[in-house]
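Residue-level structural notes
These are the residues of each chain, in order.
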Amino acid sequence: QKQRESKTELVVSGAATTHEAHVSDTRATDPYVLLLQRAMLARLMAIGFSRAESREMLESCGWIEEDAMYALLKSLQPADGDTPSMPPSQNNDNMLAERGEEAMALEAILDDKFKICETDKLWTVQVELDDDDAGRQWNAC
């Protein structure tokens, strides 16, 4: 029987309370534990993971929900940290083409309120600040 230890610290009004739990891989028969396990499973499924992968990860993490959530989210991250689906040069060309289309759309919509500084490729948009119902002028941040 494999056991895991979980520590949770709760700080309320400056006083810290630490709870420790020993979780094992044995099947729970207590109805309250089963209810908690179903709730953990439902929370993982509510954010988009399948029932099978949620249950498998919860079981592999000793039913420690935070560990299972971390492992599931980490499994979505690519191993090498980068996700180019195309060669970098082709990916860059696609990005520049999309950026050009976006700039054309903004120029068409905003006319002379949209400008591109050619030296550092900075886009600037002039926004008209209207008075609100009380006659106050909104100031830029």
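Residues numbered from 1 in each chain as written. Predicted model: local features only at pLDDT ≥ 70, side-chain atom pairs only at ≥ 80, totals over all residues. Heavy atoms only, no water.

**Here we look at the overall build of the protein**
A count of helical and extended segments in the protein gives 4 helices and 4 strands. Ordering the α and β elements of the protein from the N terminus gives β-β-α-α-α-α-β-β. For the protein, buried positions account for 15% of its 141 residues. If you take every contact in the protein between residues at least 6 apart in sequence, the share linking residues at least 24 apart comes to 20%. (Helix = DSSP H or I, 4+ residues; strand = E, 2+ residues; numbered from the N terminus. Buried < 20%, exposed > 50% of the residue type's maximum accessible area, 1.4 Å probe, protein only. Contact = heavy atoms within 4.5 Å.)

**Things to note about the nonpolar core**
One finds Met40, Leu41, Leu44, Phe49, Leu58, Cys61, Trp63, Ala68 and Leu72 forming the largest nonpolar core, which totals 9 residues. The contact partners of Leu58, leaving out residues within four places of it in the chain, are Met40, Leu41, Leu44, Trp63, Ile64, Glu65 and Ala68. (Core = buried A, V, L, I, M, F, W, Y, C linked by side-chain atoms within 4.5 Å.)

**Here's the deal with the pattern of salt bridges**
Two side chains with opposite charge may pair up if their charged atoms get near one another. Tallying each qualifying case throughout the model produces 2 salt bridges. Salt-bridge contacts for Arg43 lead to Glu65; the nearest nitrogen and oxygen are separated by 2.7 Å. Taken together, the residues Arg43 in helix H1 (residues 31-46) and Glu65 in helix H3 (residues 65-76) connect sequence positions 22 residues apart. Judged by relative accessible area, which is 44%, Arg43 ranks as partly exposed. Its relative accessible area of 16% is what places Glu65 among the buried residues. Among the salt bridges present, the one from Glu59 reaches Arg55, with a minimum N-O distance of 3.1 Å. (Salt bridge = Lys/Arg side-chain N within 4 Å of Asp/Glu carboxyl O.)

**Comments concerning the side chain of Ser54**
Within the secondary structure, Ser54 sits in helix H2 (residues 51-60). Overall, the relative accessible area of 0% leaves Ser54 in the buried class. In contact with Ser54, not counting residues within four places along its chain, are Leu41, Leu44, Met45, Phe49 and Leu72.

**Considering the packing of aromatic side chains**
Tallied over the full model, the rule gives 1 aromatic pair. Ring centres of Phe114 and Trp123 lie 5.5 Å apart, and the angle between their planes is 85°; on these two criteria the pair is classed as edge-to-face. The ring centre of Trp123 lies 5.6 Å from the NZ or CZ of Arg99, which sits over that ring. (Phe/Tyr/Trp six-rings, centres within 6.5 Å; stacked < 30°, edge-to-face > 60°. Lys NZ or Arg CZ within 6 Å of the ring centre and 35° of its normal.)

**So, the environment of Glu53**
Relative to the assigned elements, Glu53 resides in helix H2. Between the C-alpha atoms of Glu53 and Leu41, which are 12 residues apart in sequence, the distance is 9.7 Å. A distance of 2.9 Å separates a polar side-chain atom of Glu53 from the backbone nitrogen of Ser50. (Polar contact = N/O pair within 3.5 Å; in protein donor to acceptor, adjacent residues only side chain to side chain.)

**Some points on the packing of H2 against H3**
Two elements in contact, H2 and H3, have axes whose closest approach is 8 Å; the angle formed by their N-to-C orientations is 125°. When the axes of H2 and H3 are compared, the pair comes out oblique. Crossing geometry of H2 relative to H3 is assigned as right-handed. Counting all contacts with H2, which are made through Glu53, Ser54, Met57 and Leu58, the residues of H3 involved are Glu65, Ala68, Ala71 and Leu72. When grouped by side-chain class, the residues that make up the contact of H2 with H3 number 5 nonpolar, 1 polar and 2 charged. (Axes fitted to C-alpha atoms, helices over the stretch in contact; angles between N-to-C directions. Parallel < 35°, antiparallel > 145°, perpendicular 65-115°, else oblique. Left-handed = near helix turned anticlockwise from the far one by under 90°. Nonpolar A, V, L, I, M, F, W, Y, C, P; charged D, E, K, R; others polar.)

**Thoughts on the environment of Val125**
Its place among the elements puts Val125 in strand S4 (residues 122-125). Between the alpha carbons of Val125 and Asp111 there is a distance of 10.0 Å; along the sequence they are 14 residues apart. Apart from the residues within four sequence positions on either side, Val125 is in contact with Leu110, Lys113 and Phe114.

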